[in-house]
Amino acid sequence: SGRRLFIKSVEISGAAAPAVAAPTISGETPFAEQTTVTLACTTEGAEIFYTTNGSEPTAASTKYAEPFVLTATATVKAIAIKGDSQSEIASKNFICSTAPDLAALNVLPDKTAFTFTGEVLVVAKPTAKYVYVRDAKGSSLIYDAKGEKTAAAEVGKTIAANWTGQVSIFKELFEAVPDANLVMKDGDPVEVSYKTVGLGDVKAENVNMVVALRGVNYTIDENKNMNITKGNAVAVGYNQF
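Presented here is an overview of the structure given in this document. What you see is a predicted model, and the numbers here were worked out from it, not measured in a lab.

Leave glycine aside and you will find that most residues have negative phi; peptide bonds, for their part, are mostly trans. Note that the residue after Thr-29, namely Pro-30, is joined by a cis bond; omega there is -5 degrees. If you trace the backbone, Pro-30 turns up in the loop between strand S1 (24–26) and strand S2 (35–40). Of note, Asn-208 is a non-glycine position whose phi angle comes to about 70 degrees, a positive value. Position of Asn-208 relative to the elements: it lies in the loop between strand S17 (196–197) and strand S18 (212–213). Residue Asn-208 is classed as buried on the basis of its relative accessible area of 12%.

Another aspect to go through is the pattern of salt bridges. Enumeration according to the criterion identifies six salt bridges in this entry. Between Lys-63 and Glu-47 there is a salt bridge whose closest N-O contact spans 2.6 Å. Of this pair, Lys-63 sits in strand S4 (residues 62–63) while Glu-47 is found in strand S3 (residues 47–51), placing the two residues 16 residues apart along the sequence. The partly exposed category is assigned to Lys-63, whose relative accessible area is 46%.

Counting 20 residues, the largest nonpolar core has Leu-105, Phe-114, Phe-116, Val-133, Ile-142, Ile-159 and Trp-163 as the members making the most contacts within it. Taken together, the elements giving at least two residues each to this core come down to helix H1 (102–106), strand S10 (113–116), strand S11 (120–127), strand S12 (130–135), strand S15 (163–170) and strand S16 (173–178). Residues within four places of Leu-105 in sequence aside, it is in contact with Ala-99, Phe-114, Phe-116, Phe-174 and Ala-176.

Assignment of secondary structure puts Asp-101 in the loop between strand S9 (98–99) and H1. For Asp-101, a relative accessible area of 14% translates into the label buried. Polar contacts involving the side chain of Asp-101 include one to the main-chain amide nitrogen of Ala-103, which spans 3.2 Å. With residues near it in sequence (within four places) discarded, Asp-101 still touches Phe-116, Asp-135 and Lys-137.

Next up on the list: the packing of aromatic side chains. The description of two aromatic rings rests on the distance between their centres and on the angle between their planes. All told, the structure shown has five aromatic pairs when counted by the stated rule. Judged by centre distance (4.5 Å) and plane angle (5 degrees), the rings of Tyr-50 and Phe-68 are stacked. One end of the pair, Tyr-50, is in strand S3; the other, Phe-68, is in strand S5 (residues 68–70), with 18 residues separating them in the sequence. Across the pair, exposure class does not vary: Tyr-50 and Phe-68 are buried alike. Each member of the aromatic cluster is reached from another via a ring pair, and the members are Tyr-50, Tyr-64 and Phe-68.

Each value, and the rule that gives it
Residues numbered from 1 in each chain as written. Predicted model: local features only at pLDDT ≥ 70, side-chain atom pairs only at ≥ 80, totals over all residues. Heavy atoms only, no water. Helix = DSSP H or I, 4+ residues; strand = E, 2+ residues; numbered from the N terminus. Buried < 20%, exposed > 50% of the residue type's maximum accessible area, 1.4 Å probe, protein only. Salt bridge = Lys/Arg side-chain N within 4 Å of Asp/Glu carboxyl O. Core = buried A, V, L, I, M, F, W, Y, C linked by side-chain atoms within 4.5 Å. Contact = heavy atoms within 4.5 Å. Polar contact = N/O pair within 3.5 Å; in protein donor to acceptor, adjacent residues only side chain to side chain. Phe/Tyr/Trp six-rings, centres within 6.5 Å; stacked < 30°, edge-to-face > 60°.

This is the structure:
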């Protein structure tokens, strides 16, 4: 009576095998040209299997043996397996900040410093600050607060490759902000045409695409907000310019 019993250890017969720790995925992101990816697992004797295309890894995936190099944007997923036990799947996105086209540029995160190695056509310049561009892979917006770095940009001209800048996500809208004056390729401006779309095409995935809306009605209030209608279809807009 009055004595206390202290339990120092407990042994449970038939307990499940120890859990396998999830792998760690290390490597620089965003990266400029390439990054080295290292995988590791703290569970002794566990083997790591991985994918680089975003698919779920299994024991049939590539077995990790040594660090590997990525030269393009990729999602690495890894799983550790020991015997009949396996870990949770680890995942990490690696972003290459060297963009060859607008599709690659538009997915870069906010404040990412980038190098753009493609050529783009200037399709609209409603003010000195805003230059809308497109290429075969997409559309985007180049923003220049003072209008100096984009002074040479003219509708129908092509911006030469290999310039640097930083991504700015402003009110959920993508902007590419150049570091220095943009250079135009030689030659006269070409005539620019615009795709005609319906109000149903006014959606997020078409952000910064310059298009034509035909046969619509619109009203603008004192705050520059727009209501655009065609039959029963309605879209809202903002008259920035």
